[in-house]
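# Analysis of the macromolecular model
Spelled out from the first residue to the last, the chains are:
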Amino acid sequence: MPAPSRFDVIIVGGGPAGLTAALYSARAKMKTLLIEGSAIGGRMAEAWEIENYPGFTEAVHGYDLGQKMFEQANKFGVEHAQTSVIGIKIDGTDKTVTTGIGDYVAPAVIIAGGSERRKLGVPGEKELTGRGVSFCATCDGPFFRNKVVAVIGGGNGALNEATHIVHFASKVYVIHRRDTMRATKVLQDKAFADPKISFIWDTEVTAIEGTDSVERLKLKNVKTGTESVLELQGVFIAVGLVPNTDYLKGLVDIDPYGAVITNDKMETNAPGIYAAGDVRANSIRQVVTAAGDGATAAVYAQKYISEK
């Protein structure tokens, strides 16, 4: 069996945190590997418009921003592995990262694997995913042209989904289990001003129904207990995020929500292992802060390596 490939820094995750960490590491002449199991850019690539990333006077598509970051990192020699991480083991100062295509070894590892969409956990959700149930309006919007859809959630993610899918759908319902939203004022104003978007308050989805595709939602008012049915053809679920940290349990400290606990240097409790971006506890889950986390992790990873 061939020896694992050796690097100075291994970065898990190709979103803004991972891409920035890769740029800083490679530019510092560190032999750097970026591991990404899906699309470059992570969840950022799903964003139709990013208006609050510094340096862009006009909104930029998340996919395009991710590609620019990737190209910039590649310019300094970052290597890339398209695979998923299965686990990480520590042997002295070495960390062995096991993936679907083999093992890689480095003294420093930066965890920047981001988050996954939280599921509702109701009947029909799993069975109809890909057949009317979606977790990404940017990815699937064109499939719902001239159809009635619902977006579940009350945060920035939900309203971003709603204001994007409205370009395709004939009608968009935003269903939220409270009577106020957590989303920023600018997103709320944009959604409230759109005549094709309506809000259903104090309501939760109890089931998603349909034979071959989504046909209706079963709803329940959380204040009155009143049950109802909403006929539609699609539902976009945006009820929060779950950090991708299952493979890290027992390796680093994780908070009750599944996020990696770090200090202000992005250091975990395991020497030489760092975390950055959405996967980190107390992250505000913005592209600009993820990039800042990635830069911080890379700088302190370099110091760790030089001291060892």
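Looking at an unreviewed UniProt entry, one finds the protein chain named Thioredoxin reductase, with Dehalogenimonas etheniformans as its source organism.

## Some points on the packing of helix 4 (residues 156–165) against helix 5 (residues 185–192)
Between helix 4 and helix 5, whose axes approach to 10 Å, the crossing angle comes to 35 degrees. Considering how the two elements wind past one another, helix 4 and helix 5 form a crossing that is left-handed. On helix 5, the residues that touch Asn156, Leu159, Asn160 and Thr163 of helix 4 are Leu187, Gln188, Lys190 and Ala191. Taken together, the residues of the contact of helix 4 with helix 5 break down into three nonpolar, four polar and one charged.

## Focus: the pattern of salt bridges
Working definition: two side chains of opposite charge can pair if their charged atoms are close together. For the coordinates displayed, the defined rule picks out 11 salt bridges. Two residues, Asp202 and Lys223, come together in a salt bridge whose shortest N-O distance is 3.6 Å. Of this pair, Asp202 sits in the loop between strand 13 (197–200) and strand 14 (203–209) while Lys223 sits in the loop between strand 15 (216–221) and strand 16 (227–231), and the two are 21 residues apart along the sequence. Notably, a salt bridge pairs Lys249 with Asp246, separated by 3.4 Å at the nearest N-O pair. A single network of salt bridges, built from pairs that share partners, joins Glu209, Glu215, Arg216 and Glu231.

## Side note on the domain arrangement of the protein chain
Each assigned domain of the protein chain is listed here: domain 1 (5–114 + 244–307) and domain 2 (117–240). A C-alpha centroid distance of 31 Å is found between domain 1 and domain 2. At the junction of the two partners, domain 1 supplies six residues and domain 2 supplies seven residues. It is Arg43, Glu46 and Trp48 in domain 1 that bury the most area against domain 2; as a group they hold 74% of the surface buried on that side. Partitioning the side of domain 1 that touches domain 2 into residue classes produces two nonpolar, one polar and three charged.

## Concerning helix 6 (residues 287–307)
The end-to-end C-alpha distance of helix 6, which contains 21 residues, comes to 31 Å, matching closely the 30 Å that a straight helix rising 1.5 Å per residue would cover. Of all the residues in helix 6, the buried ones are Val287, Ala290, Ala291, Asp293, Gly294, Ala295, Ala297, Ala298, Ala301, Gln302, Tyr304 and Ile305. Against strand 2 (9–12), helix 1 (16–27), helix 2 (62–75), strand 6 (94–99), strand 8 (108–111) and strand 19 (273–275) lie the buried residues of helix 6.

## Some points on the side chain of Lys95
For Lys95, the position within the fold is in strand 6. Here Lys95 is buried and forms no salt bridge, its nearest opposite-charge partner Asp94 lying at an N-O distance of 7.1 Å. Among the polar contacts listed, one links the side chain of Lys95 to the backbone oxygen of Pro271, at a separation of 3.0 Å. The residues contacting Lys95, other than those within four sequence positions of it, are Ile88, Lys89, Ile90, Tyr104, Val105, Ala106, Pro107, Val109, Pro271, Gly272, Ile273 and Tyr304.

## Some words on the environment of Ile273
Its place among the elements puts Ile273 in strand 19. Taking relative accessible area as the criterion, Ile273 reaches 0% and is therefore assigned buried. Residues Ile273 and Arg177, spaced 96 residues apart in sequence, show a C-alpha to C-alpha distance of 38 Å. Ile273 has contacts with Ile90, Lys95, Val109, Ile111, Leu251, Val252, Met266, Glu267 and Thr268, leaving out every residue within four places of it along the chain.

## Structural notes on the sheet that holds strand 10 (residues 133–134)
Read from one edge to the other, the open sheet built from five strands follows the order 10-17-11-12-13, with strand pairing classed as parallel. Edge positions in the sheet fall to strand 10 and strand 13, since each of these pairs with one other strand and no more. Sheet topology places strand 11 (residues 148–152) next to strand 17 (residues 234–237); four bridges connect them, and they run parallel. Counterpart to Val149 in the pairing with strand 17 is Gly234. Across the sheet, helix 4 is in contact with strand 11, strand 12 (171–175), strand 13 and strand 17; its angle to strand 11 comes to roughly 165 degrees.

How each quantity is defined
Residue indices follow the written sequence of each chain, beginning from 1 at its first position. Reporting in this predicted model follows two pLDDT cut-offs: at least 70 for local features of residues, and 80 or more for side-chain atom pairs to be given and counted; totals over whole chains, interfaces and linings ignore these cut-offs and use all residues. Water and hydrogen atoms play no part in the side-chain values, which are based on all heavy atoms of the structure. Here an angle of 0 to 180 degrees is reported between the N-to-C directions of two axes, which are lines fitted to C-alpha atoms, with helices fitted over the stretch in contact. By the criteria applied, helices consist of DSSP H or I runs no shorter than four residues and strands consist of E runs no shorter than two, each listed in order from the N terminus. When the near helix sits turned anticlockwise from the far one by under a right angle, the crossing is termed left-handed; a clockwise turn instead gives a right-handed crossing. Here, two residues are considered to be in contact whenever any of their heavy atoms come within 4.5 Å of each other. We call Asp, Glu, Lys and Arg charged. Ala, Val, Leu, Ile, Met, Phe, Trp, Tyr, Cys and Pro are nonpolar, and the rest, Gly among them, are polar. Any Lys or Arg side-chain nitrogen located within 4 Å of an Asp or Glu carboxyl oxygen qualifies as a salt bridge. Domain start and end points were adopted from an automatic or database domain assignment. Two parts placed together each lose some accessible area under a 1.4 Å probe, and adding up what both lose gives the buried area. Any helix carries an expected span of 1.5 Å times its number of residues minus one. Note on classification: 1.4 Å probe, protein chains only; a residue is buried when its accessible area is under 20% of the maximum for its type, exposed when over 50%, partly exposed between these limits. Charge counting treats Lys and Arg as positive and Asp and Glu as negative, with His and both chain ends excluded. By the criterion applied in these results, polar contacts are pairs of N or O atoms within 3.5 Å in which, for protein atoms, one can donate a hydrogen and the other can accept it, and in which residues neighboring in sequence qualify only through two side-chain atoms. Two strands qualify as a pair provided that DSSP identifies no fewer than 2 bridges between them.

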